[in-house]
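Architecture at a glance
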Amino acid sequence: MIDISGLNSQQHEAVTTISGPSMILAGAGTGKTRVITYRIGHMIDQGIQPEQIVAMTFTNKAAREMKERLISLVGSHGKGIMVGTFHSFCIKILRRFAEEADLDPRFSLAGTSDQLDLVRRSLEEKGWHGLYKPDDILSRISRAKNALLIPETMLEEALQAKFEDEDLSFLKEVYQLYERQLKLNRVIDFDDCILKTALVLRRRSDVLERLQGEYTHFLVDEFQDTNFAQLSILELLAGKLNNICVVGDDDQSIYSWRGAMVETLDRFENIFKGTKLIKLEQNYRCTNVILNAANNVIKNNQGRKDKTLWSKSQSEEYITLTSKRDDGEEARWIAQKCFGLLGQGYRPKDIGILYRANSQARSLETALRERNLVYKVYGGSSFFERKEVRDFLAYFKLSLDPHDRMSFWRVINTPSRGVGLKTLERIEERSKELKISPFEVLVRNEVKLVGKANDAVGQFVKDVQSQSKWPIIHIDDLEKRGGEIIKAFGLEDDIRQKTSHEGAKKRKLESLKKLPEWIKGIGENQVEERGSLNILDLLDQLTLSDDKSGKNDKGPENHISLMTIHASKGLEFPAVFVCGIEDDLLPHKNSIDCPMSVQEERRLFYVAITRAKVKLHLSFARERFSNFQKQDRKPSRFLKELPKTGVVTDTELQSLNHLTSEQDRRERNAKRLSRLRDSIKGGFS
DNA sequence: GCAAGGCTGATTTTT
DNA sequence: TCAGCCTTGC
Ligand SMILES: Nc1ncnc2c1ncn2[C@@H]1O[C@H](COP(=O)(O)OP(=O)(O)OP(=O)(O)O)[C@@H](O)[C@H]1O
C-alpha cells in the first residue's frame, strides 16, 4: 500500500477519486504531477492492473521522471504502466495497427529536416520553389494537422474547427502534395502520429473497441497544452468508461503555437459529463517571496481562471535582478554565481539556467566551461539533424531496406557519384513508369549512365546489396553494420573533401567515428528495457527522442541544467537563473505586437519564475549578439510587473527605476552586501 | 550535365 | 556561423 497521509485534503480527494472524469485545475507547484503519480499508485492498490493505465506527459523528460517516481512508489510492477508522451503512445498504436491505419507497416518517422526536404520537393513539383519559405509552409500544415484537418475536407471543416490561414485553398494544395510525398517516401511526420491515430480510432471501430478494452484508465499531465487532435484521441479512448483525470493550469499554457487552446479546459467538461473539478491551492515548491513575484506578474493577464495560490515557506532569500553590459558578461556573471552556489553546498543538479531561445545557450556554455562546471544543455539543434549523422542514418536505413526512397534520394549522390539533377529526374521517371523503387531502377539498369557515373553507381548498388544481405540480429551487428557502411561508402573521405574549415572537419570526423558505437548503445538500452531488439522501434525512438546529445550516458545525472523555459515546464530547481529578460526576447519580437501573444510570453515568464524553489536570479543584457550583429537591448516590460518588495536590484542597474527611494536602495544594498559576504565565505570554505 | 565555391539570409518555442 | 541556393568553370 502506498502512503497517502502526506497529502493535503484536496490532493487526497483527487488521488482517491479514481472512477469517472475529473479535472484538477491548479497553479504552479501545487502538486499536480504528484497527484497523478500517487493516484496511479492508489489505483494499483485498488486492484487496477498496471497495463490498463495510460499516463500522458508532455515531454520525454517528464515521462522518464514520472516513471522513475512510480517505480519507487509502487515497485517493479510500475514498469507495466504506459507512461509517455502522446507521440510515443500513438506511434505504438500505429505500429501495431499499421494496416488498419492505411500505413505501410515499414513506415518510418520523418525528422524535421526530412519534413523540410519533402516540403521543398512538393513546392518544386509546382514550380513554386523559391516563392515560399518551406518552414513557413510546414508550420501551417502542422497547424492544420493539429486541428485534425485533412486536405480532402479541410475547406469545409476549417470554420467549425476555428482554423484560420492566410490562404486556405493554397494551403490545401501544398498540404496535399506534401502528403503525397510522405506516402511516396513511406514516412509519417510528428503530427501524423497524433492525426493518423485519431483517424484510425474514428474510422475503425474494431481498433477502437480493442484499445478501449485494454486501456481503462487515463491520466494527462499539463492538460492545458493539449491540442484538438490529442483531445479527440482522449475523447475516443476514454469516452466509453470515462475514467479520465486531467491536470492543468491555464496560466502555464505556453504551447498555443502547437495548437493548444484555452478552450480545451472547458471543452473537457462538455465532453466528459459530470466532471469532478478539484482545485489545489497550496504551493509546496516556492518560497513566498518567489510566489509573490509570480502572482504579481501573472495578474497582469486578462481572462484568467480564478485560482488561489499560497505558500507556507517563509524566506529571507531575495530575488535578484541584474543587468550586464552584454550577453557574455551576463553569462560569466551566472557562471560565477553558480560557482558560489556550489561552494555553499548546492549540487550542480540543484541549478537550472533558463532562457527564451536555444541560441542563448552558447554564451552560457562558454562561461560555464571556463569555470570547469559540469552542465548539460537540453534541447536545441539536434544531433540527429546534423548532415553527417543524417547521411549515415540514411545509409543505415537503406541497408535495412534498399527500397527506402527517402534514404535513397538522400545518399545516391553523397559522396558525389556524378549523378546530378537530370539523372535524378530520369531515375524518378523510370521508377514511376515501372512502379518500382528508384533503387530497383538502378539494379535493373533502367537508366543509362556513362563513364565515371556508371562505375560509381554500379559500385553503390553492389555495396548496398552486400550490406542488406546480412540481417541485424544481435546488438553487436548494429555496430558492425555502422562500421562497414562508413568504410564501404567512403563517408570519411566525403567529409574530408567537402569541409573546408579544419575545426569543423575534425569535429565531424570524430562524431562520424562514434556513430557505430552510439547506435549499438541505443540498441543496448532497448534490449535492457524490453528484452528484445526491434530496429523499426529503435529508429522511431531516435527521431522522437529528446536526447539530442548523441551520447548515451547512463547512471545518476548531476549537472547544471540549461534549457528553454518551454522545456522546463513541470520541473523544479532549488536555484534558478532566468536570463535575457529583455524586450524582443521575452516577450519575443515576433510576439510583442499582439496582445494575445504577449500574454503567452507573460505566462512563459510566470513558468520560469515558478521553477525556483529558493533562489531566483533574473538578469538581462544591455547589448546582445543577435543576427550576427551587436544590438542594443531594453529590459523586458515584464520586469516592471515584479513586486517592489522581495526583489533586489543590482547596483549596476540604472535603467530600471521602479525601485524609487534612495534609502530603500541603500537598505537593499546593505543586505545584499552582507549576503555576498556570506556567499563568499561559503564559497571558499 | 555536373561539382565546387561564393553569396545571402536566418535563430522562438517542441514532438 | 552555417546551410541552402545560385553562378561559374570544366
Ligand atoms: N502534500 C505535499 N507535501 C509535501 N510536498 C508536496 C506535497 N504536494 C506536492 N509537494 C511537492 O511540491 C513540489 C511541486 O509538486 P509538483 O511538481 O507535483 O507540482 P505541479 O503542480 O505539477 O507543478 P507545475 O504546475 O509546475 O507542473 C514537488 O517538489 C512536490 O514533491
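Predicted, not measured: the structure shown is a model, and the values here were computed from it.

Applying the stated criterion across every chain, the model contains 56 salt bridges. As a salt-bridge pair, Asp 102 and Lys 183 come within 3.4 Å of each other at their nearest N and O atoms. Here Asp 102 is found in the loop between helix H4 (86-96) and strand E4 (108-109), whereas its partner Lys 183 is found in helix H8 (residues 168-184), with 81 residues between them in sequence. Owing to a relative accessible area of 56%, Asp 102 belongs among the exposed residues under this scheme. Accessibility expressed as a relative area gives 56% for Lys 183, which makes it exposed.

As a structural note, the neighbourhood of DNA strand B is formed by 29 residues, with Arg 356, Asn 358, Gly 418, Thr 423 and Phe 628 the closest of them. When atoms of DNA strand B within 4 Å of the protein are sorted by moiety, sugar and phosphate together comprise 56%. Between DNA strand B and Asp 135 there is a distance of 2.8 Å, counted from a phosphate oxygen to a side-chain nitrogen or oxygen. At 3.1 Å, a backbone N or O of Lys 422 approaches a phosphate oxygen of DNA strand B. Ranked by residues supplied to the surface near DNA strand B, first place goes to helix H18 (residues 421-434) with three residues.

Another point: the site of the ligand. The environment of the ligand is formed by 18 residues, the closest being Gln 11, Lys 32, Thr 33, Arg 34 and Glu 572. Contact with the protein chains removes 87% of the 640 Å² of surface that the ligand exposes when unbound. Among the residues forming the shell around the ligand, the class breakdown is three nonpolar, nine polar and six charged. Shared between two domains, the shell around the ligand takes at least three residues from each, and those domains are domain 1 (9-98 + 195-280) and domain 3 (298-382 + 554-645).

Here we take up the nonpolar core. Counting 69 residues, the largest nonpolar core has Phe 89, Phe 163, Leu 201, Leu 211, Phe 223, Leu 237 and Ile 244 as the members making the most contacts within it. Residue-level mapping places this core at the junction of two domains, with at least three residues from each of domain 1 (9-98 + 195-280) and domain 2 (112-185). Core analysis: the next-biggest nonpolar cluster, separate from the first, contains 44 residues, Tyr 395, Ile 436, Trp 470 and Leu 515 among them.

Under the UniProt annotation, "binding site: ATP" (unreviewed entry) lies at Ala 26, Gly 27, Ala 28, Gly 29, Thr 30, Gly 31, Lys 32 and Thr 33. With respect to the secondary-structure elements, Gly 31 resides in the loop between strand E1 (22-26) and helix H2 (32-45). The class for Gly 31 is buried, based on a relative accessible area of 15%. Residues within four places of Gly 31 in sequence aside, it is in contact with Gln 11 and Leu 280. Among the structural elements, Thr 33 can be located in helix H2.

With an omega dihedral of 0°, the bond running from Thr 414 to Pro 415 counts as a cis peptide bond. As for its placement among the helices and strands, Pro 415 is situated in the loop between helix H17 (405-411) and H18. Going from Leu 586 to Pro 587, the amide bond is cis rather than trans, its omega being 5°. Summarising the element assignment, Pro 587 is placed in the loop between strand E15 (573-578) and helix H25 (595-609).

On to the packing of aromatic side chains. Aromatic rings in a pair are described by how distant their centres are and how their planes are angled relative to each other. In total, this model carries 18 aromatic pairs according to the counting rule given. Ring plane angle 35° and centroid distance 5.3 Å describe the contact between Tyr 255 and Trp 257, whose orientation is recorded as tilted. When the ring of Phe 392 is compared with that of Phe 396, the centres are 6.1 Å apart and the planes differ by 40°; the resulting orientation is tilted. Taken as a pair, Phe 392 and Phe 396 lie in helix H16 (residues 387-400) at a separation of four residues, close to a single helical turn. Note on accessibility: Phe 392 and Phe 396 belong to one class, buried. In textbook terms, an aromatic cluster arises when at least three aromatic residues are bridged by ring pairs, as seen for Tyr 395, Phe 408, Trp 409, Phe 439, Phe 460 and Phe 489. We note Arg 95 situated over the ring of Phe 107; from NZ or CZ to the ring centre the distance is 4.0 Å. One residue, Arg 371, lies across the ring of Phe 339, its end atom 5.3 Å from the ring centre.

This brings us to the environment of Ala 144. By secondary structure assignment, the location of Ala 144 is in helix H6 (residues 134-146). Look at Ala 144 and you get buried, because its relative accessible area is 0%. Expressed as a C-alpha distance, the spacing of Ala 144 and Tyr 175, which sit 31 residues apart in the sequence, is 8.9 Å. For Ala 144, the contacting residues outside a window of four places in its chain are Leu 149, Met 154, Phe 163 and Tyr 175.

The rules behind each value
Residues numbered from 1 in each chain as written. Chains lettered and ligands numbered in written order. Predicted model: local features only at pLDDT ≥ 70, side-chain atom pairs only at ≥ 80, totals over all residues. Heavy atoms only, no water. Salt bridge = Lys/Arg side-chain N within 4 Å of Asp/Glu carboxyl O. Helix = DSSP H or I, 4+ residues; strand = E, 2+ residues; numbered from the N terminus. Buried < 20%, exposed > 50% of the residue type's maximum accessible area, 1.4 Å probe, protein only. Near = heavy atom within 4 Å. Polar contact = N/O pair within 3.5 Å; in protein donor to acceptor, adjacent residues only side chain to side chain. Areas by Shrake-Rupley, 256 points an atom, 1.4 Å probe, with all protein chains shown as cover. Nonpolar A, V, L, I, M, F, W, Y, C, P; charged D, E, K, R; others polar. Domains from an automatic or database assignment. Core = buried A, V, L, I, M, F, W, Y, C linked by side-chain atoms within 4.5 Å. UniProt positions renumbered as here; feature names shortened; annotations may be inferred. Contact = heavy atoms within 4.5 Å. Phe/Tyr/Trp six-rings, centres within 6.5 Å; stacked < 30°, edge-to-face > 60°. Lys NZ or Arg CZ within 6 Å of the ring centre and 35° of its normal.

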